[in-house]
Amino acid sequence: MRTLYPRLAVLAGFVLLLAAPPARACSICRCGDPTFNALGTDVYKEGAFRVSLDWERFDKEQGIFGEEGVPAAKDAAEGGSPGREAVIENRLTTALSYTFGERAIAVARVPWSSRSTSETGIGTTGASKDLADPEIYGLVRLWSSQFTGGLGRRAWISALGGVKTAWGKNDLTQGGERLDEHLQPGTGSTDWFGGLSSVYLLDARSSLFGSVQYRGTGTNDFGYHYGDSKLANFGYERKLGQIWDAAVELNYRDSKQDRVDAAGTLDPNTGGRLLYLTPRVIVDLGKGLVGRLAIQVPVYKDLNGDQRERAVANVGVTYLF
């Protein structure tokens, strides 16, 4: 039975690619491969048009950077109380993709963000809802194996490149004052990203997949620069029956610190390394509709300063026209 989320798989030589350059270090960071998550690995089906909708919940807590660029530790030593800030985001993302001639794919992702922040001892300090930054990118198949009986193309390697636009809201205000950077749905900067991805079918029921990616960030109009980052993903998927698939992934992120102003001041409570273990369930709902459920659990943390990253939940559906 044909499914939209068929055989998942991996980059030959993936271990070598893990040594490649670092993932974006924003306060609510993305980790994982959105193309594999939303569109599956059977993306090179000629003329295939897919639409997906994903809900994700992110939850992070970090030490507050002192006022007027003063590091939190110094601020506290001078009688201040920097405390901790928690940021929770619920994000809805619509993705559209189209495959050209079994060799190239165009993808557009449009997110809508709802965020809230709170501080220790104070409670909720702010909230926002608006358009986040759309992404536009493409994948080109660089190489694929010959057709194999019962499997089709057993392996392929693709290059990916694109841009995260600055079209999301980064100038939201309340009471005449601009909201905190961590409440802005968009980063206010144009970023570029590129990488490699690959799939390898082990047999008719199981496969490996992997990708690496570098994201270079720009500076917004307020002098804030989210840290450049690198991502690496590795996963295994197995078909459990006629409609059920299960996958398990490792999602790695290595981010630089955020630069908070034009003078180059770094926020000590941003950036670092993080590894998630991500179990995922995929179900064929019939008539071209596929449902997905996943949770990213942090299993290794080497974060700068005072930060706490929590599990990320993802629920989504994809429709193949």
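Before reading on, note that the structure itself is shown above.
Figured I'd write up the structure that's included with this text.

Definitions and limits used
Residues numbered from 1 in each chain as written. Predicted model: local features only at pLDDT ≥ 70, side-chain atom pairs only at ≥ 80, totals over all residues. Heavy atoms only, no water. Pairing = 2+ DSSP bridges. Helix = DSSP H or I, 4+ residues; strand = E, 2+ residues; numbered from the N terminus. Patch = residues over 30% accessible without salt bridge, like charges linked within 9 Å, V, L, I, M, F, W, Y side chains within 5 Å. Areas by Shrake-Rupley, 256 points an atom, 1.4 Å probe, with all protein chains shown as cover. Salt bridge = Lys/Arg side-chain N within 4 Å of Asp/Glu carboxyl O. Buried < 20%, exposed > 50% of the residue type's maximum accessible area, 1.4 Å probe, protein only. Phe/Tyr/Trp six-rings, centres within 6.5 Å; stacked < 30°, edge-to-face > 60°. Lys NZ or Arg CZ within 6 Å of the ring centre and 35° of its normal.

Okay, the pairing of strand β5 (residues 135–144) next. Bridge count between strand β3 (residues 104–119) and β5: 6 bridges; the pairing is antiparallel. Considered in β5, the bridge of Ala 106 is made with Gly 138. Looking at chain direction, β5 and strand β8 (residues 155–164) are connected through 9 bridges and run antiparallel. Across the sheet, residue Ile 136 finds its bridge partner in β8, namely Val 163.

Turning our attention to a nonpolar patch on the surface. Together, Leu 53, Trp 55, Leu 92, Trp 112, Leu 240, Ile 243, Trp 244, Val 281, Leu 285, Leu 293, Val 315 and Val 317 line one region of the surface with nonpolar side chains, adding up to about 1100 Å² of accessible area. Listed by contribution, the elements that provide at least two residues to the nonpolar patch are β1 (49–63), β15 (272–286) and β18 (312–320). Relative to the helices and strands, Val 281 is located in strand β15. In this structure Val 281 comes out as partly exposed when scored by relative accessible area, which is 37%.

The next subject is the pairing of β3. Pairing geometry for strand β2 (residues 84–100) and β3, over 16 bridges, is antiparallel. Paired with Thr 94 across the bridge in β3 is Val 110. The turn linking β2 back onto β3 is made up of 3 residues, and Gly 101 within it adopts a positive phi angle of 55°.

This paragraph deals with the packing of aromatic side chains. Under the definition given, this model contains 6 aromatic pairs. Arranged with centres 4.8 Å apart and planes meeting at 75°, the rings of Tyr 98 and Phe 100 form a pair that is edge-to-face. On the basis of an interplanar angle of 40° and a centroid distance of 5.3 Å, the ring pair of Trp 192 and Tyr 214 is categorised as tilted. Of the two residues, Trp 192 is situated in strand β11 (residues 191–201) and Tyr 214 in strand β12 (residues 206–216); the sequence distance between them amounts to 22 residues. By relative accessible area, which is 49% here, Trp 192 ends up partly exposed. A connected cluster of aromatic rings, assembled from ring pairs, spans Phe 49, Tyr 319 and Phe 321. A cation over a ring is seen here: Arg 178 above Phe 222, with NZ or CZ 3.7 Å from the ring centre. If you follow Arg 215 out to its NZ or CZ, it ends over the ring of Phe 193, 4.5 Å from the centre.

Right, let's talk about the pattern of salt bridges for a bit. Scanning the entire structure with this criterion turns up 20 salt bridges. The residue Arg 84 makes a salt bridge to Glu 61 at a minimum N-O spacing of 2.4 Å. Here Glu 61 lies in strand β1 and Arg 84 lies in strand β2, a separation of 23 residues in the sequence. Accessibility expressed as a relative area gives 12% for Glu 61, which makes it buried. Between Arg 109 and Glu 135 there is a salt bridge whose closest N-O contact spans 3.6 Å. Separated by 26 residues along the polypeptide, Arg 109 in strand β3 and Glu 135 in strand β5 bring together distant segments of the chain. Salt bridges here are not isolated pairs; linked through shared partners, they connect Arg 57, Asp 59, Glu 61, Arg 84, Asp 306, Arg 308 and Arg 310.

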